[in-house]
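# Summary of structural features
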Amino acid sequence: MAGDTEITPGMQRYIDRNNAYLAKRDRYIRDVVKKQRFDTIAVHGLYTMEDALEDYQGSIIEPIFMSTSQAYRDSDEMAAALAYLIPTWCYSRIANPSTYYYEWTLALLEGYGFDGETSCVSTSSGMAAIMTAVQPFLVHTRNDVREPRNFVATAQCYGGTFQQFNVRLAQERAIECRWVVDSTNLDEWASKIDENTRFLYGELPSNPGLGFFDIAAVAALAHEHHLPLIVDATVATPALMRPICHGADIVVHSATKTLTTSGFGVCGAVIARKGLVTNIPNDALKNDFALYTKYLPNRDYGPNLHPMQAILSLNDMRTLRSKVDMMSRSTMKVAQFLQKHPKVESVEYLGLPDHPRHELASKYMWLVDAEYDEQYGKPVNRYGHLMSFCVKGGAGQARVAFDGLQRIWRATDLGRIKSVATIPAISTHQQQGEEGRKLAHIPPNMVRLCVGGEHPDDVIRDLDQALHRVK
Ligand SMILES: *Cc1c(COP(=O)(O)O)cnc(C)c1O
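Attention now goes to the overall build of the protein. Looking only at helices and strands, the protein has 18 helices and twelve strands in total. A compact globule built from 471 residues would reach a C-alpha radius of gyration of about 23 Å, and the protein, at 23 Å, matches this within 12%. Expressed along its principal axes, the backbone C-alpha trace of the protein runs to roughly 80 × 55 × 40 Å. Pairs at least 24 apart in sequence give 72% of the contacts found in the protein among residues at least 6 apart. Here the protein holds 49 positive side-chain charges and 54 negative ones, and the gap between their average locations is 5 Å.

Structure, rendered in structure tokens:
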């Protein structure tokens, strides 16, 4: 990525010093971090006592570097840094020490149990993460602006993703989006791939329809065609599922959601395995996708994360595993209650044994390190905090129940420590119209519910009184 920069002896000294630092960091990751359990990595990431004592006055919390840019000792250091010959941070649109620690924690958590290497680029939102992940595969490779390009994606996806793909890419830029309607059907995926396909994209579990597919099988299919598989794993988080371990190339997160339950702000992340599969002739992209997008396309587009938000989010992720476990168990209890409720037409939750995708989800959604947890002592499935239910009597009655909620917040949000509910047809999935909603299986009387950290009995009590208003 250095281009044709001429290296002076002064620059070389900085390069040598930084190479020594990187070698030490790699050894630390290999010998220390990779041997730690998930919770330890979530708490500490790559922030060491040595970092703290040498550079940050002993601060036990990663510092928030609210600074636009970095100063250099001399012109040699500046020249080396701006040619990307040494990993400094230059300017906060490109990198920043606070986002650095956020990125490393996520790279390590998504790469937990994976024997290759992973890296991460932080983004200002989940939508920016999706844009960051897909755009580099949509470039023209043949010097022909009319070159046909397409990609294949699960129709069951977040409403914003539907808009980005269907409007921004397909309608505005003539990049064909081929929707997979039944993502459990491998033949449907295969039938949509041709020589102009650039990547496969899937969200799982999908928001709110709880779509799911066999990650390993779809990754194998993608790789047969020299394509990467990109997965939106926002709802599961690495505490329950790490798609890269099953063959996916790239994972995107709306870190706004479950990763950061407290809800201070919007943020995103792209985590990729090094040496991913693609038919795009670009070695930098293949070797280290996150670093490539960080240093080049994202430098030029600017969807960077603010350092303040990076540390707020990082601080939230330290307790990820136990929060996801608690919220999953409560959601299960609430789903079982709603299943028996006379005013409820149907309940969708992957944890319910009669859910059509329960078995598939059970293959992939495991509480990380449950076997090392004294409470469990063996692997246990957990299905997350996202569920939905349809209210009897149609859209009008769904709104009656929804408007009756007193403890659960009416908000288009998910993954919060506070329980939230929304009606997707009038909120998150309103823009895509009836046709798009049908494609994504979003009925008008569906209430999406995300159970938070309250005692589940109180969540149930609130739902019960709200449903009693239904005629
Ligand atoms: C919210 C969400 C997004 C978009 O993330 P933002 O942080 O709101 O930009 C993407 N995917 C899923 C599954 C989401 O729930």
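Taken together, Ile64, Met66 and Met308 make up a surface patch of nonpolar side chains, about 270 Å² in accessible area. Mapped onto the elements of the fold, Ile64 is located in the loop between helix 3 (49-55) and helix 4 (75-82).

This part is about the sheet that holds strand 10 (residues 409-410). Taking strand neighbours across the sheet as the criterion, the five strands line up as 8-9-12-11-10 in an open arrangement whose pairing is mixed. Strands with a single pairing partner mark the edges of an open sheet, and in this sheet they are strand 8 (344-348) and strand 10. Pairing of strand 11 (residues 420-422) with strand 12 (residues 446-450) involves three bridges; the strand directions are antiparallel. Counted as the bridge partner of Val420 is Cys450 from strand 12. Each of strand 9 (386-391), strand 10, strand 11 and strand 12 is contacted by helix 16 (residues 395-403), which is oriented at about 125 degrees to strand 9, the strand it contacts most.

We now examine the packing of aromatic side chains. Overall, the coordinates contain 17 aromatic pairs when judged by the stated rule. Taken together, a centroid distance of 6.2 Å and an interplanar angle of 55 degrees make the contact between Phe137 and Phe199 tilted. On the criterion of sequence distance, the pair formed by Phe137 in the loop between helix 6 (126-134) and strand 2 (150-154) and Phe199 in strand 4 (residues 197-203) is long-range, its members being 62 residues apart. Like Phe137, the residue Phe199 is buried in the burial classification. Measuring from ring centre to ring centre gives 6.5 Å for Tyr349 and Tyr383, while their planes differ by 75 degrees; the resulting arrangement is edge-to-face.

It is worth spelling out the site of the ligand at this point. Within the structure, the ligand sits among 15 residues, and Gly126, Asp232, Ser254, Thr256 and Lys257 are positioned closest to it. In this structure, an oxygen atom belonging to the ligand sits 2.8 Å away from a side-chain N or O atom of Ser254. Thr256 has a polar side-chain atom sitting 2.6 Å from an oxygen atom of the ligand. For the ligand, whose unbound accessible area comes to 380 Å², protein coverage reaches 93%. If you tally residues by element for the shell around the ligand, the top one is helix 6, at three residues. For the shell around the ligand, the class distribution of residues is six nonpolar, six polar and three charged.

Across a regular strand the side chains alternate sides, sitting on one face of the sheet and then on the other. Counting buried positions along strand 3 (residues 176-180) gives four out of five residues, so the element sits mostly inside the fold. With five bridges connecting them, strand 2 and strand 3 associate as parallel partners. Considered in strand 3, the bridge of Ala153 is made with Trp179. Once you follow strand 2 into helix 7 (residues 159-173) and on to strand 3, the crossover reads as right-handed.

Looking now at the pattern of salt bridges. Within this structure, the stated rule accounts for 24 salt bridges. Arg73 is paired through a salt bridge with Glu77; the nearest N and O atoms lie 2.8 Å apart. In this structure Glu77 comes out as buried when scored by relative accessible area, which is 5%. Between Asp325 and Arg329 there is a salt bridge, and its shortest N-O distance comes to 3.4 Å. With Asp325 and Arg329 both in helix 14 (residues 320-339) and four residues apart, the pair spans about one turn of that helix. Where salt bridges share partners, they join Asp39, Arg321 and Asp373 into one cluster.

Following the sequence through the fold, Lys294 ends up in helix 11 (residues 289-295). For Lys294, the side chain forms a polar contact with the main-chain oxygen of Ile94, separated by 3.3 Å. Not counting chain neighbours up to four residues away, the residues in contact with Lys294 comprise Ile94, Ala95, Glu103, Val121 and Arg299.

Grouped burial of nonpolar side chains is what soluble globular proteins tend to show. Leu200, Leu338, Phe389 and Leu449 are the most contacted members of the largest nonpolar core, which totals 98 residues. Here the element with the most residues in this core is helix 5 (residues 97-110); it accounts for seven residues. A domain-level breakdown of this core finds at least three residues from each of domain 1 (93-317) and domain 2 (320-467). The residues contacting Leu449, other than those within four sequence positions of it, are Val334, Leu338, His385, Leu386, Met387, Ser388, Phe389, Ile408, Val420, Ala421 and Leu463.

With six of its six residues buried, strand 1 (residues 118-123) lies for the most part within the structure. Side chains of strand 1 alternate between two faces, with Thr118, Cys120 and Ser122 and Ser119, Val121 and Thr123 buried alike.

The N-to-C vectors of helix 5 and helix 13 (residues 307-317) enclose an angle of 35 degrees; their axes lie 8 Å apart at closest approach. Of the two possible hands of crossing, helix 5 and helix 13 adopt the one that is left-handed. Of helix 13, the residues touching helix 5 (which contributes Ser98, Thr99, Tyr101, Tyr102, Thr105 and Leu106) are Pro307, Ala310, Ile311, Ser313, Leu314 and Met317. Its residues placed into classes, the contact of helix 5 with helix 13 shows eight nonpolar, four polar and no charged.

The rules behind these values
Residues numbered from 1 in each chain as written. Predicted model: local features only at pLDDT ≥ 70, side-chain atom pairs only at ≥ 80, totals over all residues. Heavy atoms only, no water. Helix = DSSP H or I, 4+ residues; strand = E, 2+ residues; numbered from the N terminus. Rg over C-alpha atoms; globule rule 2.2 N^0.38 Å. Contact = heavy atoms within 4.5 Å. Lys, Arg positive; Asp, Glu negative; His and termini not counted. Charge placed at Lys NZ, Arg CZ, Asp CG, Glu CD. Patch = residues over 30% accessible without salt bridge, like charges linked within 9 Å, V, L, I, M, F, W, Y side chains within 5 Å. Areas by Shrake-Rupley, 256 points an atom, 1.4 Å probe, with all protein chains shown as cover. Salt bridge = Lys/Arg side-chain N within 4 Å of Asp/Glu carboxyl O. Pairing = 2+ DSSP bridges. Axes fitted to C-alpha atoms, helices over the stretch in contact; angles between N-to-C directions. Phe/Tyr/Trp six-rings, centres within 6.5 Å; stacked < 30°, edge-to-face > 60°. Buried < 20%, exposed > 50% of the residue type's maximum accessible area, 1.4 Å probe, protein only. Near = heavy atom within 4 Å. Polar contact = N/O pair within 3.5 Å; in protein donor to acceptor, adjacent residues only side chain to side chain. Nonpolar A, V, L, I, M, F, W, Y, C, P; charged D, E, K, R; others polar. Right-handed = clockwise from strand over helix to strand, strands pointing away. Core = buried A, V, L, I, M, F, W, Y, C linked by side-chain atoms within 4.5 Å. Domains from an automatic or database assignment. Left-handed = near helix turned anticlockwise from the far one by under 90°.

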